[in-house]
Amino acid sequence: MTTNKDKNNKAARHGNRVVHDRQGTAYELTGKLAEGGQGVVCQTQFKNVLVKIGRHPANDPRTKAWFDHMQWVSRLPLEELRIARPQTLIVRPRLGYVMELMDGLVPLTSLLEESIAAMRDVRGLQGFIDSGGLAKRLRLLQGLCSTLAKLHGRGLAYGDLSPGNIFVSRSREHAEVWLIDCDNISLLSREGGQKIHTPGYGAPEIMRGESGINSLTDSWSVGVIAFELLALLHPLKGDFVNDGESDGETAALMGGVPWVDDLDDDSNRSSTGLSRDLVLTKELQELFQRCFGTGRIDAGARPTLAEWRAGFEAAAAMLMTCGDGDGCGSSFYYNRARKCPFCDRIQDESAHLLMSHYVYAPLSELEKAEFGDQSPWIATNQRMVFGRETVELRGSPVGSVMYAESVPVCSLTLDGAGLHLEPAPGRRVALQSQRTRETHVLDRKKRLNAAIRRGDYYMLHLSDSEGMHDAWRFKW
């Protein structure tokens, strides 16, 4: 059995490919994994242990400032965040730090490159599907935004966000997301501060030298990464930039050129990339317009990370899967025809259930006297669709910024036997038939049998009270 001592001895034999931490542990740099403006991230002889080494010599003032910042970062409250934080500091012969990363992760760059390469050869959209399709991409973006929203909630900004420092699950089925290169984390600040960025992902105001990193610059970077991941296209690199003058890209990245989907100026439209209707919901298109349209000039107009997360959650809630043996296995947004846009297969209606969200808000007697006897039902236009999996209904509906923090109220499972409804422990819900008006209060698991699925409408109240509450309408 190989011990850490054996690995240290082996590493020591490789001369300048070896660095040491404060405790004297030797790390052999076995391969470059990622590279940025501050330094290089390398694999080591230890499984899942990475080392980042500063780009400049240890006596360089820039390296000294970076190392001092790293010591500050190592003391930050980053617990419970999916960020590979410094475990120990490298002190010779170069300066740097050690971090740990879970197994089975690859840079997001590889997923992007695989999908774009497939578009250029005979595979077409198959690369997009094989790398997880919409389902995996939306889950990855939810996880990324969740981590960044929590970081912002602690008064910190990430800074140099790019596909190279986002690590994601290699397998199609999983969607783990971790951030490396935490040496760019800083206090939230509009003025001054760090201006580190990766070309193509830094906000225009950073490119112009007018701002340090903050929550709004992080929002811009998330928008760029998300648009690339979903549409396979950089939001600022349309045909004007790609086919025009050499300085066109610089002007675009500094905010001087309209984005590819600008509502008022089509001068930088792109002839490449996926159809937006194929990969973006209406709500996501609006968020991207806020980020790259108005937000290109006015940073304050950009979505918050909580809004980005809610948008990706709402989009994921509207996905259907082309399956049941003879489908292509891809995920796609619900449409009335239930038709997969990737292979044109029509999905079995019984394999999915569409639900619409309402708020039940009965008027008081005083309100009735003033406004008349109005309907107590308020449609919010928030919907969700699910198939052969369990979904949670929470205190706030999916698509709201409070959804992720709200508590589960009821879970639903659809299978061949019917629809299983199970209230969360200590919770009571009410199931109402809109045809018969009968209402059943549930405090334990109940099943609506598949045999009685006739297209009648039901209302699932997430409360057993007569006061204001949420409800979901569906057809069974």
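Residues numbered from 1 in each chain as written. Predicted model: local features only at pLDDT ≥ 70, side-chain atom pairs only at ≥ 80, totals over all residues. Heavy atoms only, no water.

A. Representation of the sheet that holds strand β10 (residues 166-169) in the model. On the basis of which strands lie adjacent, the open sheet formed by three strands has the order β8-β10-β11 and antiparallel pairing. At either end of the open sheet lies a strand with only one pairing partner, and these are β8 (105-107) and β11 (177-179). On average, each strand axis in the sheet is tilted by 30 degrees relative to the strand beside it, whichever way the strands run. Of the pairings in the sheet, the one linking β10 to β11 comprises three bridges and is antiparallel in character. Counted as the bridge partner of V168 is V177 from β11. Contacting β8 and β10, helix α3 (residues 108-120) runs over the sheet at an angle of about 70 degrees to β8. Along the sheet, helix α5 (residues 133-153) contacts β10 and β11; its crossing angle with β11, the most-contacted strand, is approximately 40 degrees. (Pairing = 2+ DSSP bridges. Helix = DSSP H or I, 4+ residues; strand = E, 2+ residues; numbered from the N terminus. Axes fitted to C-alpha atoms, helices over the stretch in contact; angles between N-to-C directions. Contact = heavy atoms within 4.5 Å.)

B. A look at the packing of aromatic side chains. Under the definition given, this model contains 13 aromatic pairs. Centroid distance F128 to F342: 6.4 Å. Interplanar angle 20 degrees. Geometry classified as stacked. Residue F128 is found in helix α4 (residues 126-130), and its partner F342 is found in the loop between β14 (331-333) and β15 (353-360); the two are separated by 214 residues along the sequence. Neither residue differs from the other here; F128 and F342 are each classed as buried. When the ring of F227 is compared with that of W259, the centres are 5.4 Å apart and the planes differ by 70 degrees; the resulting orientation is edge-to-face. One end of the pair, F227, is in helix α7 (residues 215-231); the other, W259, is in the loop between α9 (248-253) and α10 (276-279), with 32 residues separating them in the sequence. Accessibility assignment for this pair places F227 and W259 in one class, buried. By the ring-pair criterion, three or more aromatic residues cluster together here, those being W220, F227, W259, F288, F292, W308 and F312. (Phe/Tyr/Trp six-rings, centres within 6.5 Å; stacked < 30°, edge-to-face > 60°. Buried < 20%, exposed > 50% of the residue type's maximum accessible area, 1.4 Å probe, protein only.)

C. Structural view of helix α11 (residues 282-297). Between its terminal C-alpha atoms α11 stretches 22 Å, which fits the 22 Å expected from 16 residues at 1.5 Å a residue. Where α11 bends most, the angle comes to about 30 degrees, and this point is Q289. Three or more residues of α11 are buried, namely L284, L287, F288, Q289, C291, F292, G293, G295 and R296. (Expected span 1.5 Å × (residues − 1). Bend = angle between axes of the 7 residues up to and from the residue.)

D. Fine view of the sheet that holds strand β16 (residues 377-386). Pairing is antiparallel across the open sheet formed by six strands, whose spatial order is β16-β15-β24-β23-β20-β21. The strands lining the two open edges of the sheet, one partner per strand, are β16 and β21 (439-442). For this sheet the average axis-to-axis angle between neighbouring strands, irrespective of direction, equals 25 degrees. Sheet topology places strand β20 (residues 429-433) next to β21; four bridges connect them, and they run antiparallel. Each residue of the ladder has a partner; that of Q432, found in β21, is T439.

E. Local environment of the state of the cysteines. Scanning the entire structure with this criterion turns up zero disulfides. As a non-bridged cysteine, C145 has C291 as the owner of its nearest cysteine sulfur, 11 Å distant. According to the relative accessible area criterion, C145 is buried, its value standing at 0%. Here C322 is not cross-linked by a disulfide; its sulfur's nearest cysteine counterpart is in C343, at 3.5 Å. (Disulfide = S-S within 2.5 Å.)

F. Molecular detail of helix α12 (residues 305-316). Compared with an ideal rise of 1.5 Å per residue, which puts 12 residues at 16 Å, α12 spans 16 Å between its outermost C-alpha atoms and is within 8% of the ideal. Buried residues belonging to α12 abut α5, α7, α11, β13 (319-321) and β14.

G. Expanded view of the layout of surface pockets. The computed volume of the largest pocket comes to approximately 750 Å³. Around the largest pocket, the lining is made up of 30 residues, and of these A316, A317, E389, T390 and V391 lie nearest the centre. Secondary-structure elements contributing two or more residues to the lining of the largest pocket are α5, α12, β13, β16 and β17 (390-394). If one sorts the elements of the lining of the largest pocket by residue count, β17 sits on top with four residues. When its residues are assigned to classes, the lining of the largest pocket shows 13 nonpolar, eight polar and nine charged. (1 Å grid on protein atoms, 1.4 Å probe; cavity = no way out; pocket = protein on both sides within 12 Å on 5 of 7 lines; lining within 4 Å. Points joined across faces, edges and corners; volume = space filled by probe spheres on them. Nonpolar A, V, L, I, M, F, W, Y, C, P; charged D, E, K, R; others polar.)

H. Structural detail: the packing of α7 against α11. Packing of α7 against α11 leaves a shortest axis separation of 11 Å and a crossing angle of 130 degrees. As judged from the angle between their axes, α7 and α11 are oblique. Considering the relative orientation of α7 and α11, their crossing is left-handed. Across the interface between the two elements, S219, W220, G223, V224, A226, F227 and L230 from α7 touch L284, F288, C291, F292, G295 and R296 from α11. A class-by-class count of the residues in the contact of α7 with α11 yields nine nonpolar, three polar and one charged. (Parallel < 35°, antiparallel > 145°, perpendicular 65-115°, else oblique. Left-handed = near helix turned anticlockwise from the far one by under 90°.)

I. Seen up close, unusual backbone geometry. Cis geometry marks the peptide bond from R92 to P93, where omega comes out at -5 degrees. Looking at the secondary structure, you find P93 in the loop between β6 (88-92) and β7 (96-100). The backbone of N48 shows a phi angle near 65 degrees, a positive value even though the residue is not glycine. If you trace the backbone, N48 turns up in the loop between β4 (39-43) and β5 (49-54). Judged by its relative accessible area of 29%, N48 falls in the partly exposed class. Of note in the backbone geometry, D181 takes a positive phi value of approximately 55 degrees without being a glycine. In this structure, D181 sits in the loop between β11 and β12 (186-187). Assessed through its relative accessible area of 6%, D181 is described here as buried.

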